[in-house]
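Descriptive analysis of the structure
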Number of protein chains: 4
Amino acid sequence: MPGNFRSDNEYPVAPEIMAALAEVNAGHAHAYGEDAATGRLRQRFRELFEREVEIYPLASGTAANSLAVAQTCGSIGAVVCHRDAHLNTDECGAPEFFSGGAKLLALDGPDGKLGPAAVEETVAASLAMGEHASRPRMLSLTQATELGTVYTPDEVAALAAVAHRDGLRVHMDGARLANALATLDCCPADITWRAGVDLVSFGATKNGAMLAEALLVFDPADTVELPRRRKQAGHLLSKMRYVSAQLEAYLADGLWLRLAAAANRRARSLADGLAACPGAELLHPVQSNEIFMRLPDALAEGLRERGFEFHPWPHSGPGVYRLVTSFATPDDAVAGCVAAARELTGAGAAAAEA
Amino acid sequence: MPGNFRSDNEYPVAPEIMAALAEVNAGHAHAYGEDAATGRLRQRFRELFEREVEIYPLASGTAANSLAVAQTCGSIGAVVCHRDAHLNTDECGAPEFFSGGAKLLALDGPDGKLGPAAVEETVAASLAMGEHASRPRMLSLTQATELGTVYTPDEVAALAAVAHRDGLRVHMDGARLANALATLDCCPADITWRAGVDLVSFGATKNGAMLAEALLVFDPADTVELPRRRKQAGHLLSKMRYVSAQLEAYLADGLWLRLAAAANRRARSLADGLAACPGAELLHPVQSNEIFMRLPDALAEGLRERGFEFHPWPHSGPGVYRLVTSFATPDDAVAGCVAAARELTGAGAAAAEA
Amino acid sequence: MPGNFRSDNEYPVAPEIMAALAEVNAGHAHAYGEDAATGRLRQRFRELFEREVEIYPLASGTAANSLAVAQTCGSIGAVVCHRDAHLNTDECGAPEFFSGGAKLLALDGPDGKLGPAAVEETVAASLAMGEHASRPRMLSLTQATELGTVYTPDEVAALAAVAHRDGLRVHMDGARLANALATLDCCPADITWRAGVDLVSFGATKNGAMLAEALLVFDPADTVELPRRRKQAGHLLSKMRYVSAQLEAYLADGLWLRLAAAANRRARSLADGLAACPGAELLHPVQSNEIFMRLPDALAEGLRERGFEFHPWPHSGPGVYRLVTSFATPDDAVAGCVAAARELTGAGAAAAEA
Amino acid sequence: MPGNFRSDNEYPVAPEIMAALAEVNAGHAHAYGEDAATGRLRQRFRELFEREVEIYPLASGTAANSLAVAQTCGSIGAVVCHRDAHLNTDECGAPEFFSGGAKLLALDGPDGKLGPAAVEETVAASLAMGEHASRPRMLSLTQATELGTVYTPDEVAALAAVAHRDGLRVHMDGARLANALATLDCCPADITWRAGVDLVSFGATKNGAMLAEALLVFDPADTVELPRRRKQAGHLLSKMRYVSAQLEAYLADGLWLRLAAAANRRARSLADGLAACPGAELLHPVQSNEIFMRLPDALAEGLRERGFEFHPWPHSGPGVYRLVTSFATPDDAVAGCVAAARELTGAGAAAAEA
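Bear in mind the structure is a predicted one, so any value in this text is a computation, not a measurement.

Notes on the overall build of chain A
Each helix and strand in chain A was counted, giving 15 helices and 13 strands. Its C-alpha atoms give chain A a radius of gyration of 21 Å, within 12% of the compact-globule value 20 Å for 354 residues. Principal-axis analysis of the C-alpha atoms places the extent of chain A at approximately 65 × 60 × 30 Å. Looking at the 354 residues of chain A, the share that counts as buried comes to 64%. Considering only contacts within chain A whose residues lie at least 6 apart along the sequence, 78% involve residues at least 24 apart.

Some words on the environment of B:G279
Residue and element names in this part refer to chain B. Along the polypeptide, G279 turns up in the loop between α12 (255-275) and β9 (281-282). Note on G279: 16 C-beta atoms within 10 Å, which makes it partly exposed. The sequence separation of G279 and G100 amounts to 179 residues, and the corresponding C-alpha distance is 47 Å. When sequence neighbours within four positions are dropped, the list of residues in contact with G279 reads P296, L299 and T345.

Here we look at the pairing of strand β3 (residues 77-82) of chain C
Residue and element names in this part refer to chain C. Summarising burial for β3: 6 of the 6 residues are buried, a large majority. By the bridge criterion, 4 bridges tie β3 to strand β5 (residues 135-142) in an arrangement that is parallel. Paired with A78 across the two strands is P136, which belongs to β5. Relative to strand β4 (residues 103-107), β3 runs parallel, the two being bridged by 5 bridges. Within β4, the position partnered with V80 by the bridge is L105.

Examining the packing of helix α8 (residues 177-184) of chain C against helix α12 (residues 255-275) of chain C
All names here are of chain C. Across the interface, α8 lies against α12 with an axial gap of 8 Å and an inter-helix angle of 80 degrees. For the element pair α8 / α12, the angle class is roughly perpendicular. Of the residues in α12, those touching α8 at A178, N179, L181, A182 and T183 are W256, L257, L259, A260, A261, A263 and N264. Residue composition of the contact of α8 with α12, by class: 9 nonpolar, 3 polar and no charged.

Focus: the interface of chain B and chain A
Each partner contributes to the interface: chain B provides 38 residues, whereas chain A provides 38 residues. Of all elements in the fold, only α1 (15-24), α3 (61-73), α5 (94-99) and α10 (226-232) of chain B reach the threshold of two or more residues within the side of chain B that touches chain A. Residues of the side of chain B that touches chain A, tallied by class, amount to 18 nonpolar, 16 polar and 4 charged.

Brief notes about the relation of the copies chain B and chain A
Turning chain B through 180 degrees and shifting it by 0.0 Å along the axis lays it on chain A, with an RMSD of 0.0 Å. One copy is carried onto the other by what is essentially a two-fold rotation axis. Most of the interface of chain B is mirrored in chain A: 100% of its interface residues are interface residues there too.

Details of the interface of chain C and chain D
Accessible area lost on assembly of the parts is the figure often given for the size of an interface. Contact with chain C, which involves 38 residues of that partner, is made by 38 residues of chain D. Secondary structure elements with two or more residues in the side of chain C that touches chain D: α1 (15-24), α3 (61-73), α5 (94-99) and α10 (226-232) of chain C. Broken down by class, the residue content of the side of chain C that touches chain D amounts to 18 nonpolar, 16 polar and 4 charged.

Comments concerning the packing of helix α6 (residues 116-128) of chain B against helix α7 (residues 153-165) of chain B
Two measures define how a pair of helices packs: the angle their axes make with one another and the distance between the axes. Residues and elements named next belong to chain B. α7 packs onto α6 with a crossing angle of 15 degrees between their chain directions and a minimal axis gap of 9 Å. Considering the angle they form, α6 stands roughly parallel to α7. In the crossing of α6 with α7, the sense of the turn from one axis to the other is right-handed. In this structure, α6 uses P116, V119 and E120 to contact α7, whose residues at the interface are A158, L159, V162 and A163. Tallied by class, residues from the contact of α6 with α7 come to 6 nonpolar, no polar and 1 charged.

Details of the relation of the copies chain C and chain D
It takes a turn of 180 degrees to lay chain C on chain D, together with a shift of 0.0 Å along the axis; the resulting RMSD is 0.0 Å. A share of 100% of the interface residues of chain C reappears at the interface of chain D, consistent with the copies meeting face to face through the same patch.

Looking at unusual backbone geometry
With omega at -10 degrees, the peptide bond leading from A:Q143 into A:A144 counts as cis. Of note, C:D111 is a non-glycine position whose phi angle comes to about 55 degrees, a positive value. For C:D111, the position within the fold is in the loop between β4 and α6 (116-128).

Digging into the pairing of strand β8 (residues 213-217) of chain D
All names here are of chain D. Among the 5 residues that make up β8, 5 are buried, leaving the element largely enclosed by the rest of the structure. On β8, burial covers both faces: E213, L215 and V217 on one face and A214 and L216 on the other are all buried. Of the pairings in the sheet, the one linking strand β2 (residues 54-58) to β8 comprises 5 bridges and is antiparallel in character. What sits directly across from E54, in β8, is V217. Inspection of the sheet shows strand β7 (residues 199-203) paired to β8 by 5 bridges, in the antiparallel sense. Its bridge partner lying in β8, V200 is registered against L216.

Topic: the sheet that holds strand β6 (residues 169-174) of chain D
Residue and element names in this part refer to chain D. Spatially, 7 strands are ordered β2-β8-β7-β6-β5-β3-β4 in an open sheet, and the strand pairing comes out mixed. Each of the sheet's edge strands pairs with one partner strand only, and the pair in question is β2 and β4 (103-107). For this sheet, the mean inter-axis angle between neighbouring strands, taken without regard to orientation, is 20 degrees. Where strand β5 (residues 135-142) lies against β6, 5 bridges are found, and the strand directions are parallel. Looking at β6, one finds that L141 is bridged to M172. Most of the contacts of helix α7 (residues 153-165) go to β5, to which it runs at about 170 degrees, and overall it touches β5 and β6.

Here we look at the domain arrangement of chain A
Residues and elements named next belong to chain A. Domain annotation of chain A identifies domain 1 (3-9 + 255-353) and domain 2 (14-253). If you average the C-alpha positions of domain 1 and of domain 2, the two centres end up 29 Å apart. Of the residues lining the interface, 21 residues belong to domain 1; the matching set on domain 2 comes to 28 residues. The set of elements that each furnish at least two residues to the side of domain 1 that touches domain 2 consists of α12 (255-275) and β10 (290-294). Ranked by residues supplied to the side of domain 1 that touches domain 2, first place goes to α12 with 8 residues.

Remarks on the sheet that holds strand β5 (residues 135-142) of chain A
Residue and element names in this part refer to chain A. Across the sheet, 7 strands lie side by side as β2-β8-β7-β6-β5-β3-β4; this open sheet has mixed pairing. A strand with exactly one partner marks an edge of an open sheet, and here the two such strands are β2 (54-58) and β4 (103-107). Averaged over all neighbouring strand pairs, the angle between strand axes comes to 20 degrees, with direction disregarded. One ladder, built from 4 bridges, connects strand β6 (residues 169-174) with strand β7 (residues 199-203); its direction is parallel. By the bridge assignment for β7, H171 is matched with L199.

Here we look at α7(B)
Residue and element names in this part refer to chain B. In a regular helix each residue adds 1.5 Å, so 13 residues correspond to 18 Å; α7 covers 18 Å between its end C-alpha atoms and thus fits that length. Looking only at α7, the buried set comprises V156, L159, A160, V162 and A163. Considered in projection along α7, the buried side chains sweep an arc of 160 degrees and stay on one side of the axis. Along α7, exposed side chains directed more than 90 degrees from the buried face belong to D154 and R165.

Some points on the environment of A:V69
Residue and element names in this part refer to chain A. Its location among the elements puts V69 in helix α3 (residues 61-73). Linking V69 and A94, residues 25 residues apart in sequence, is a C-alpha distance of 9.4 Å. Excluding its chain neighbours within four sequence positions, the residues that come into contact with V69 are V79, P95, F98, S99, A102 and M138.

A look at the environment of B:A341
Residues and elements named next belong to chain B. Here A341 is to be found in helix α14 (residues 331-345). A341 sits 41 residues away from A300 along the chain, and the two C-alpha atoms are 8.7 Å apart. Setting aside residues up to four positions removed in sequence, A341 forms contacts with G273, L274, C277, L299 and L303.

What counts, and at which threshold
Residues numbered from 1 in each chain as written. Chains lettered and ligands numbered in written order. Predicted model: local features only at pLDDT ≥ 70, side-chain atom pairs only at ≥ 80, totals over all residues. Helix = DSSP H or I, 4+ residues; strand = E, 2+ residues; numbered from the N terminus. Rg over C-alpha atoms; globule rule 2.2 N^0.38 Å. Buried ≥ 20, exposed ≤ 12 C-beta atoms within 10 Å, placed from the backbone. Contact = placed C-beta atoms within 7 Å. Pairing = 2+ DSSP bridges. Axes fitted to C-alpha atoms, helices over the stretch in contact; angles between N-to-C directions. Parallel < 35°, antiparallel > 145°, perpendicular 65-115°, else oblique. Nonpolar A, V, L, I, M, F, W, Y, C, P; charged D, E, K, R; others polar. Least-squares fit on C-alpha atoms with pLDDT ≥ 70 in both. Left-handed = near helix turned anticlockwise from the far one by under 90°. Domains from an automatic or database assignment. Expected span 1.5 Å × (residues − 1). Arc of directions from axis to C-beta.

Put into structure tokens, the structure is as follows:
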């Protein structure tokens, strides 16, 4: 049995979410978010995060990230982020576009994570330039990171403290927030606002929704302009109930964490199995549903020939590959991939003999 | 039985489209439009329009309009449009934002329609200003118009001829294109590219889809930058198959035209019934699913008290109201509204006596 | 002797200002406004306006206007202005560009002036649209107006009161502020901040400077971002002392008002002389250095053949012309133009006979 | 005698240029570049560069750079440049702002210079991302570089060849082009279009002008939109004759190269003198009028106490300083600085003894 480890985006919608869409499709409802489902969702997020929070349901994570940049930075601000951050490498300049000119200050850091010292130094250097340089106004952390690792609440808090000292807002790109939470086993508040996060791009699409993300904003000061910014960017959806219903189902009864835990579990199995093969090297701790490995050419080729699909990851160097699991990845696909890798590298024989 | 005439956006998704979503939700598919449903949809649009056409499925009509503006105008261009055009009055500056500064040259014209002379004069005046004024680069026509009327193919052709003479592209905002076609009874090609239209915002959401629009582009020259523009604006949807599947079902077996015809028929019934009431005045021909009427205060109030909902339309003056019908508006709601209006104005009694 | 009535921009620099440039050209000075001349200028503006004011010397009036728009509106704001305002008609979309998408709400009004009722109604209509329309955030008044008229302090105050009530900032485009003041005979404070103006584009180039304008900002809240906005737009001039020195000389000993008074006086002479000719019609009161007249074709042609230059003004209709005077327009040119007009229309003979 | 080595921007205007301003200040002239001085300047540039070239006189180098970015990249393009490039580090996001969202791909390279391999690799990586990454559309080279070094014609040609292969335009930021040419001893054509450069930011302000730069464009295709882009950014100067006259005088009789040669000569003297002091380290070849040195704290402090001014250069690490010379830097200031450095480090005594 072959397997798709290309992206969690390629897997289908969870049945519970399809059911919610069918259910919400009755009668008329006010457009543009003035509907009952969106109202319930707002309340649900408040319970989940244990405080007031404003929500902006969206169909795209790039929109969530970029609206956060536009809101906090404007054209003269700068975003401090990791060099591998999705908003730096994968969004075709969306943050610059939405903000009308904000600058990205992209930093290195091991395992896809930023450290407070580098952030502090970068901010200080920019501020020392005065009006000649964009003013750092937002720190963006990706959780789980682009390399599949996870920030602990203490790590987030230390970064946020540095950022807040210089007046920056702290943003969390949570395209895979559920995967991070499933690993951290803390409550959403602990990894976000209690640790100093001001805005969250809350992702659901990669983890079982159809088209459903939300920008979450904890500080009411940030909500004055966001409704018009969302509309102006074409992201105020007319039939918003159909996005809100997805998110409502996603959050109901812990579905989001169950789906993420399933994906994470498969990623660990896959990583453990592949890493045991001679020549394969796991590059980062597996703390969510993404694996980054250096694979011998023959192994990578062999797996692909047998129908296992995954992307090369040139950002991380030659011979590096990314494999992603989903809640819907069949367990057989994981087991099949590991078995094939063992066979291709002779590890299977060795294991069998032992 | 009360009735919602507020907006076609407030009605549910057609069952055929819900079924298509359920059907497409199987197995994995490449993300970002590289899936089979999107491929089939591209082919379907080519058949429907009888020529090559590039398609950009989207979740928002504002995005479709604004991407067209950005593509054709850039920051130094200008859009010639009707003063009541959605992109001028209802999109919170989205065209200016997407393009980074394009100017809207909004003109008056009876029944929500532009005429060639006004367009020609406006373009000439701008060009005469040289570098001191934005260069007109796009003519945007709304079909059906914001006032529920329809351009004939000849009218479009006359406007397009004027626009093309000065190098403008012609864009059609087809948020209600199906409603226009159901009235015009011509084929899609006749009212678009054969009449000189270069880009179409093809709407489906208002007419029975969940969240599904598409920007259609006839000239390959306009397709070079659009993929990155769409991505940069956060409108490249990862799980695009779920948008494409909606559009596929929408176009299958003439569903879109059947839905539109049903909505239009109800609009005419409603208009005929209300216009027969003393004091009520129909302001524009009813050629799609929107009605604009001047109503006596007592009539408007009375209808609302009985549960009939509709918006005042201050753009068109005091005492003016807009009523919109949908494929899903119950016939009873239309009949009930007319009956209530008769009763409120005494027209019912008169009619009964006669 | 022929005469140039095309634009005050076409006349040379006042000798006092040339002398100031020669004087400041000695030794080194810190760049980017950290020089002594700029420091003195800041102080000078504070004396002149009788209060704290932050100044941003610039080389372009379009930059001054557009920085004001960007600062007050951002991308989701709207500017309320007169339809003939320079920033609406002559700046190639600069306000939209600097702000990243702000919308211009251009209103009609007699003699190039706005009235409070129209402003109030426009703002209310936009606010009623909520997130679907750009939020009005700045009212821009042109002083003197594009039609050569002048707002009184009371008129400004009435407009500002309406604007402030809804949270708009009030901007004055003072490209010809000196000409207005020479007519009004009030102090600068009275026509600006005491009447409710928050930001002023203070022009000097048209009235005898080489390249020197300044954006004046009364509210410190508006100064936080402006330094970076100016830099980002390429308008932070490295050798700023050479702009500041022009403005310093311009303001010294009332030079600016003397130059403006001379230009205004010539405009009145010219208007009086031409208006007395049969068929010539003065369209607006002459309250600064611009005249708008409807002239018979033969008269307009005849004057041009004799070497008098001036622009047609199609904005105001066919057969309308604009004539502009400068402090440096020779009196003989004015007298010569009037004499020629009399001769061409036979008015000279009539006057001589009388 | 103390000395200012902070910036060439802090020195006065060359007398020949002041004289030209006095001379052009007579009579009236058409505004916005339709004057005789601008016409002569265009012709002068054509002779100098031995081919057709369109010119856009400006008051700011940031404007020249950013207009080039906007023109070549638009919002979805990317600029490949050196990490230390002025447009990356010193322009407060102006390239991102003017273009509405272009991305800067900033690369490392020794001595402030880019190499073809790094450029090629960066472009290829971006292109491989397809619509998910901004498309590289402009390569920007700084000449002389921000670290005072110079590209040879062969080096430029090799870089341009790589860029053109992938459809990028090549831009030269020539804020100190005269200083580079004075070192290279080649003709302007050789280091620009003959080597593959498409657009040049031609600087004069740092080398003796008051406020005068020009964007030079060799390909007519790039001139279609630039006039409106310049206007829209507030950089179309009304009394342009006063900028053009500066540039005309700057180019007359080789003045620009004489001024630059004088500045370069002083830089070499200063570098030679300081580099001979124990502990001082010259970081890059001195090929223009900027010197970058690592200085012992005591030496740096001692020089400053004696009135020699210069900036620390933290971009290049701790203990690094930049010293800049001008055509107008007194020779005594250079000699005095070297003498003081010798004295402070004991090198003077050693030299005297020797």
